[in-house]
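Observations on the three-dimensional arrangement
Chain residues, written in single-letter form:
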Amino acid sequence: MAGTVQLLMLENFIDGKFLPCNSYIDSYDPSTGEVYCKVPNSGEEEIEAAVQAARRAFPDWSSRSPQERSQALTRLADLLEQSLEELAQAESKDQGKTLAMARTVDIPRSVQNFRFFASSVLHHTTECTQMDHLGCMHYTVRTPVGIAGLISPWNLPLYLLTWKIAPAIAAGNTVIAKPSELTSVTAWMLCKLLDKAGIPPGVVNIVFGTGPRAGEALVSHPEVPLISFTGSQPTAERITVLSAPHCKKLSLELGGKNPAIIFEDANLEECIPATVRSSFANQVRSYIRKALAEGAQILCGEGVDKLSLPAGHQAGYFMLPTVITDISDESCCMKEEIFGPVTCVVPFDSEEEVIRRANGVKYGLAATVWSSNVGRIHRVAKKLQSGLVWTNCWLIRELNLPFGGMKNSGIGREGAKDSHDFFTEIKTITVKH
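How each quantity is defined
Residues numbered from 1 in each chain as written. Predicted model: local features only at pLDDT ≥ 70, side-chain atom pairs only at ≥ 80, totals over all residues. Heavy atoms only, no water. Core = buried A, V, L, I, M, F, W, Y, C linked by side-chain atoms within 4.5 Å. Buried < 20%, exposed > 50% of the residue type's maximum accessible area, 1.4 Å probe, protein only. Helix = DSSP H or I, 4+ residues; strand = E, 2+ residues; numbered from the N terminus. Contact = heavy atoms within 4.5 Å. Expected span 1.5 Å × (residues − 1). Axes fitted to C-alpha atoms, helices over the stretch in contact; angles between N-to-C directions. Parallel < 35°, antiparallel > 145°, perpendicular 65-115°, else oblique. Left-handed = near helix turned anticlockwise from the far one by under 90°. Polar contact = N/O pair within 3.5 Å; in protein donor to acceptor, adjacent residues only side chain to side chain. Pairing = 2+ DSSP bridges. Phe/Tyr/Trp six-rings, centres within 6.5 Å; stacked < 30°, edge-to-face > 60°. Lys NZ or Arg CZ within 6 Å of the ring centre and 35° of its normal.

Once that is clear, we can look at the nonpolar core. In terms of nonpolar packing, the biggest core is built from 60 residues, with Phe114, Ile165, Ile169, Leu190, Ile199, Val204 and Ile206 touching the most fellow members. Here this core gets ten residues from one element, more than from any other, and that element is helix α5 (residues 157-170). Aside from chain neighbours lying at most four places away, what touches leucine 190 is Leu76, Leu80, Phe114, Leu158, Leu161, Thr162, Ile165 and Ile206. Residues Ala50, Ala54, Leu218 and Phe229 belong to the second largest nonpolar core, which totals 21 residues.

In this section: helix α4 (residues 99-120). Each turn of an α-helix holds 3.6 residues, which means side chains three or four residues apart point in the same direction. If you check α4, its first and last C-alpha atoms are 30 Å apart, about what 22 residues at 1.5 Å a residue would give, namely 32 Å. Tucked inside the fold, the buried residues of α4 contact α2 (66-82), α3 (84-95), α5, α6 (185-194) and α14 (416-422).

In contact at an axis separation of 10 Å, α2 and α6 are set at 125 degrees when each is read in the N-to-C sense. It follows from the interaxial angle that α2 and α6 lie oblique. Our pair here, α2 against α6, has a crossing hand that is right-handed. Counted together, Leu76, Leu79 and Leu80 of α2 and Leu190, Leu193 and Leu194 of α6 form the full contact between these two elements.

With that settled, consider the side chain of lysine 97. When you line up the elements, lysine 97 lands in the loop between α3 and α4. Lysine 97 gets classed as buried once you look at its relative accessible area, which sits at 7%. Polar side-chain contacts of lysine 97 include one of 2.8 Å to the side chain of aspartate 106. A polar contact of 3.1 Å, which involves the side chain of lysine 97, links it to the backbone oxygen of asparagine 155. In this view, lysine 97 contacts Glu91, Ser92, Ala102, Asp106, Asn155 and Leu156; residues no more than four positions away in its chain are not counted.

Right, let's get into the sheet that holds strand β19 (residues 388-391). Across the sheet, three strands lie side by side as β13-β18-β19; this open sheet has parallel pairing. Two strands lie at the open edges of the sheet, namely β13 (260-262) and β19, each paired on one side alone. Across this sheet, the average inter-strand angle for adjacent strands is 15 degrees, counted without regard to direction. Sheet contacts for helix α13 (residues 374-383): β13, β18 (366-370) and β19; angle to β19, the most-contacted strand, approximately 160 degrees.

Moving on, we come to the sheet that holds strand β5 (residues 34-40). What the three strands build is an open sheet, ordered β1-β5-β4; its pairing is mixed. Where the open sheet ends on each side, the last strands, each with one partner, are β1 (8-9) and β4 (24-29). Where β4 lies against β5, six bridges are found, and the strand directions are antiparallel. For aspartate 26, the partnering residue across the bridge sits in β5 and is lysine 38.

In this section: the packing of aromatic side chains. Taken as a whole, this structure holds seven aromatic pairs when the rule is applied. Judged by centre distance (5.1 Å) and plane angle (85 degrees), the ring pair of phenylalanine 116 and phenylalanine 117 falls under edge-to-face. Assessed through its relative accessible area of 11%, phenylalanine 116 is described here as buried. Taken together, a centroid distance of 5.3 Å and an interplanar angle of 55 degrees make the contact between phenylalanine 117 and tryptophan 163 tilted. Of this pair, phenylalanine 117 sits in helix α4 while tryptophan 163 is found in helix α5, placing the two residues 46 residues apart along the sequence. A network of ring pairs unites the aromatic residues Phe13, Phe18 and Trp188 as a single cluster. Positioned over the ring face of tryptophan 188 is lysine 192, at 3.9 Å from the centre of the ring. Cation over ring: lysine 290 sits above tyrosine 287, and NZ or CZ is 5.7 Å from the ring centre.

This is how it looks when you write it as structure tokens:
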């Protein structure tokens, strides 16, 4: 029919093949508010097929040398890089982030994830000790765990999916990944490159669907001994309950309410642009209504300024960047994670006060501190209850070092050594001679 829009139809990727599903979920273009894609609504049947494929692929893949696996990851990184513009366009349309952010952050970092773990897997060492008086030598070995269940969120779709897949398969595991059903397109595009990179069928299986159906089937499957999850605390609680009967290894990277602490001696020319980017990077009107009811002041944005949208985008999910002040530390806007362009600005008088207030939330993922006083930088960074503290910068990552949160921001760490430790089992061997 003339004028009919052709919807993008995604399929599960299991055992190296794209497979249709019995039912599908609508996926919306956030810039228009219209359905543009159909995502498989997978469940136990699809997860079982993926487990069987991953089980068959594990003996061969796990027996390959780190060098062989590294070469495959490097080829996959090259293929992703060659498709950077296509992937960036898809990520921007599917998730709603700016094209510039997808081009300069999300897709390049996805490429780097495979390159980084392709290199780091070649440089891990193990321990060895001797007991000469007993004629014994002890050493450790690390072996892949088996089938890894990987669940990634909607806000950094390919970025965080590859951050999980890369170390898992580099260590010799096979994987079943479930991306967010809200942002599945770039994961589906990644599947098209796996065979070209030389990754055998069944090593990477991607099953699309919701948490209650596909996610729960994956987490509760007895042959999936390991779950890596990034997402919300309530979902993590459910994962913990479902995993407990099987004593699964868990890595849970959860929410954050990340304070940006700006002292009076900060370099504002560097601080303000970085703080604006960090505050408004994600694209929640109920929070703003609650803040107003609590007596807060809206300096700009929702309820103050008018949003003008071009034709065709009136139903899109747009929101003005909003700044709130005169707000209590007990407000939900100060304590809960808001996935929208909303920031709260509040003054403080001393180091001790700002540390206490910054630590007064249940989360502890990351923080930023801005000051020209080096001593102050070290003092404050050490006392903040955050897994990562950026000082006089933001979003600079050294992938060799651990990333993860304190308190309700999760369990476990990710990074070169930490990811390798998580995706392997350690064994001590004693030899008497």
